[in-house]
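Descriptive structure summary
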Amino acid sequence: MTDAPILRLDAISKSFGTVEALSDVSASIPSGSVVAVVGPNGSGKTTLIRILVGDLAETSGSVAYEGPEADRPIGYLPQNPTFRPGFTAAETLSFYSSLVDGSEPEPLLKRVGLAAAADRNVEALSGGMRQLLGIAQATVGDPPLVVLDEPASGLDPNMSANVFQTAAEMAGAGTTVLLSSHDLTLVEETADSVIVLARGTVAASGTVEELRATFDVDSLRGVLNAVVEDTGQVAVVGGNP
Amino acid sequence: MSRLRGFGPIAWRELSTVVRTRGYLLLSVGLLAVFVGVLRSGGGIDGGYVPTAVDLLLPLELLVPIVAVALGYRAFSGDNDDRSVLRTYPVSDRSLAVGVFAGRFVGLAAIVGTPLVIVGLVISQVGGPPSLVFATHQGVDSPVLFVRFIALTTGFGAAVLAMTMAASVLVRTSRAALAAALAVLVVVVAGGDLLTLTGLTAGVLEDDLLGTALGLSPNAAYRGLVLELVVGVATDRSGAIDIPVAVAGLVGWTVVGLAITAGVGQRSFSLLRDRIKTRTDRLRAALPR
């Protein structure tokens, strides 16, 4: 990990009609680290991620990529990845590879443990396998920054741990990984730093240790509870994108 | 980034999608069955290429838009929509729109063109009076005229396909995409003619502007071009439509459709949509319940 940021978010705000989903969000993502975005449902995690990968236009503020020049600077796993029916897992990755470096799909499939399903049609993959294919897709072209929106969604505990382990290995190899997750235990074990979102704003940020110390709690769950004052209700601040 | 980088793989993926979807093959077989039925009852096939084109013209005005809508409305909906991911690749919105259009257009040309080619081959074996390859004067039937008919038919399909794609990207859900595509179908099949008729009866449209007005409606432009450039060559009938306007109309609808499809991905469009939603929300909030 280096101190140089790969991505800088400056006063990002996003409104859907009269509903403000994000308000004045600023952050910098250090190179070669695993950064986690956590927060309750409706806190704006997915909206923020969609803005920083360029899928959604911010209402105000700016996103600046400051990493190395690359054909594909940012790789992205959406919250609900879609794949073209009728194509195999290998064909799917070959298509995306053909848009950048044209590399073979096998190493990407192997990295996420899907090598045995290379010739299986995407509609015949389980939910977890589709998620893994999505993660493989996010790494096509070796982007310096990989953004994963809830990568452990739909995965069993072992596979979830495997995904977070893969993220840590990628960071060890110099790739920056930004992910959102509700699995706070895995976030605690893996993330170098954490951004806590609540009601569309950055409620806290720092390393796990710093956050624990700041809020005088012994876990990330404690931090989250302290920040959002858990009411048991979903915070509805977003709108339809 | 090259303006059309990624065009080839995207077009190839769309074409592969069409080829792998059995429903589209059935659609082509269904078209052939309809053509056979129409020609058996109309008897055009016994008269040669031009009478066959006349018999098929009216059904194709409905069937081509149906095929185009079937191909276009799913181009950016459901599992076919990976635009959020493609935005992280070096693929411009223009490449995406043109690539998807090109791949699906080749599919449309095959679905509609194959049964028409089969009909043409049957005419060459059994069809009416002796035909010349080159129709050098009026009153001569020719396979070239039938090839021209096929080309005009696929050109009409291209315009409707581009319009359907544009309608489907303007909405967000698969269900809304289908509704928007069906709206395009209604507008293409009946809207232009009805609008022109209304204009004439209301006195808004002068008689001498009729050919121009019809040229701006996709199906009337197609019909007029077939009557002028296929039927009109073999008969002494002409003046059905203003040919340059009709050609410009079909090309224009295609280009506008593609421009909208490419433009919807732009940040400026996204911001414009947000502003419209904000104003709409405020207006709704201001209205008494």
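Every chain's residues receive numbers from 1 upward, in the order its sequence appears when written. The lettering of chains begins at A and the numbering of ligands begins at 1, in the order of writing. Given that this is a predicted model, residues contribute local features only at a pLDDT of at least 70 and side-chain atom pairs are listed and counted only at 80 or more, while totals for whole chains, interfaces and linings are drawn from all residues.

Focus: the overall build of chain A
- Think of it this way: any DSSP run of H or I at least four residues long counts as a helix, any run of E at least two long counts as a strand, and we number them from the N terminus. Helix and strand content of chain A: eight helices and nine strands.
- Three classes are used. A residue is buried when 20 or more other C-beta atoms lie within 10 Å of its own, exposed when 12 or fewer do, and partly exposed in between, with C-beta atoms placed from the backbone. Counting all 241 residues of chain A, 49% fall into the buried class.
- Residue pairs qualify as contacts under a 7 Å threshold applied to their C-beta atoms, which are placed from the backbone. Residue pairs at least 24 apart in sequence account for 69% of intrachain contacts in chain A once pairs closer than 6 positions are excluded.

Some remarks on the nonpolar core
- In this structure, Val147(A), Val194(A), Val160(B), Leu161(B) and Ala162(B) are the most contacted members of the largest nonpolar core, which totals 151 residues.
- At 15 residues, the largest contribution of residues to this core is made by helix H7 (residues 143-169) of chain B.
- Non-local contacts of Val147(A), meaning those with residues more than four positions away in its chain, are made with Ile49(A), Leu52(A), Val53(A), Ile74(A), Gly75(A), Tyr76(A) and Leu178(A). Put simply, a nonpolar core is a cluster of buried Ala, Val, Leu, Ile, Met, Phe, Trp, Tyr and Cys residues tied together by C-beta atoms within 7 Å.

Comments concerning H7(B)
- For a helix, the expected span equals 1.5 Å multiplied by the residue count minus one. The terminal C-alpha atoms of H7(B), which comprises 27 residues, lie 39 Å apart, in line with the 39 Å expected from a rise of 1.5 Å per residue.
- Along H7(B), 20 of the 27 residues are buried, which leaves the element largely enclosed by surrounding structure.

A few points about the interface of chain B and chain A
- Across the contact, 26 residues belong to chain B and 27 residues belong to chain A.
- If you list the elements that add at least two residues to the side of chain B that touches chain A, you get helix H1 (7-20), helix H5 (83-86) and helix H12 (267-286) of chain B.
- A total of nine residues in the side of chain B that touches chain A trace back to one element, the largest contributor, which is H12(B).
- Among the residues forming the side of chain B that touches chain A, the class breakdown is six nonpolar, nine polar and eleven charged. Classification convention: Asp, Glu, Lys, Arg as charged; Ala, Val, Leu, Ile, Met, Phe, Trp, Tyr, Cys, Pro as nonpolar; all other residues, Gly among them, as polar.

Remarks on the pairing of strand S6 (residues 145-149) of chain A
Residues and elements named next belong to chain A.
- Within S6, five of the five residues are buried, which leaves the element mostly enclosed by the surrounding structure.
- Of the two faces of S6, both are covered, the one formed by Leu145, Val147 and Asp149 as well as the one formed by Val146 and Leu148.
- Pairing between two strands is assigned when DSSP locates at least 2 bridges connecting them. Here four bridges tie strand S5 (residues 74-77) to S6, and the two strands are oriented parallel to one another. Looking at S6, one finds that leucine 77 is bridged to leucine 148.
- Relative to strand S7 (residues 176-180), S6 runs parallel, the two being bridged by five bridges. Within S7, the position partnered with leucine 145 by the bridge is threonine 176.
- At this point the chain moves from S6, through helix H5 (residues 157-172), to the parallel S7, and the crossover so formed is right-handed. Here the term right-handed applies to a crossover when the path leading from its first strand over the helix to its second strand runs clockwise, the strands being oriented away from the viewer.

Concerning the confidence of the model for chain B
Residue and element names in this part refer to chain B.
- The predictor rates its confidence in each residue with pLDDT, a number between 0 and 100. Taken residue by residue, chain B gives an average pLDDT of 86. The fraction at 70 or more is 91%.
- Across chain B, the element-wise mean pLDDT spans from 73 in H12 up to 96 in H1.
- Predicted complex metrics record ipTM = 0.89 and pTM = 0.87.

Looking at the environment of Arg223(B)
Residues and elements named next belong to chain B.
- Within the element layout of this structure, arginine 223 appears in helix H10 (residues 218-234).
- Judged by local crowding, arginine 223 falls into the buried class, with 22 C-beta atoms found within 10 Å.
- The spatial distance from the C-alpha of arginine 223 to the C-alpha of alanine 109 is 18 Å, given a sequence separation of 114 residues.
- In this structure, arginine 223 is in contact with Leu57 and Glu61, ignoring residues within four places of it in sequence.

Quick notes on the sheet that holds S6(A)
All names here are of chain A.
- With mixed pairing, the six strands of this open sheet are ordered in space as S5-S6-S7-S3-S8-S9. Edge positions in the open sheet fall to S5 and strand S9 (201-206), since each of these has one partner strand only. For this sheet the average axis-to-axis angle between neighbouring strands, irrespective of direction, equals 15°.
- Across the sheet, helix H8 (residues 220-228) is in contact with strand S3 (34-38), strand S8 (193-198) and S9; its angle to S8 comes to roughly 30°. As a rule, the C-alpha atoms of each element are fitted with a line to give its axis, helices using only the stretch in contact, and angles between N-to-C directions run from 0 to 180 degrees.

Here's the deal with the pairing of S7(A)
All names here are of chain A.
- When you tally the buried positions in S7, you get five out of five residues, the bulk of the element.
- Residue alternation in S7 divides its side chains into two sets, Thr176, Leu178 and Ser180 and Val177 and Leu179, and both sets are buried.
- As judged from the four bridges shared by S3 and S7, these two strands associate in the parallel manner. In the strand pairing of S7, valine 35 is matched with leucine 178.

Brief notes about unusual backbone geometry
- At Asp24(A), a position not held by glycine, the phi torsion is positive, near 55°.
- Among the secondary structure elements, Asp24(A) is positioned in strand S2 (residues 19-30).

Notes on the sheet that holds strand S1 (residues 5-16) of chain A
Residue and element names in this part refer to chain A.
- Strand order in the open sheet formed by three strands is S2-S1-S4, and the pairing between neighbours is antiparallel. Bordering the open sheet on either side are S2 and strand S4 (60-65), each of which pairs with just one other strand. This sheet shows a mean twist of 15° between the axes of neighbouring strands, independent of strand direction.
- Relative to S4, S1 runs antiparallel, the two being bridged by five bridges. Looking at S4, one finds that leucine 9 is bridged to valine 63.

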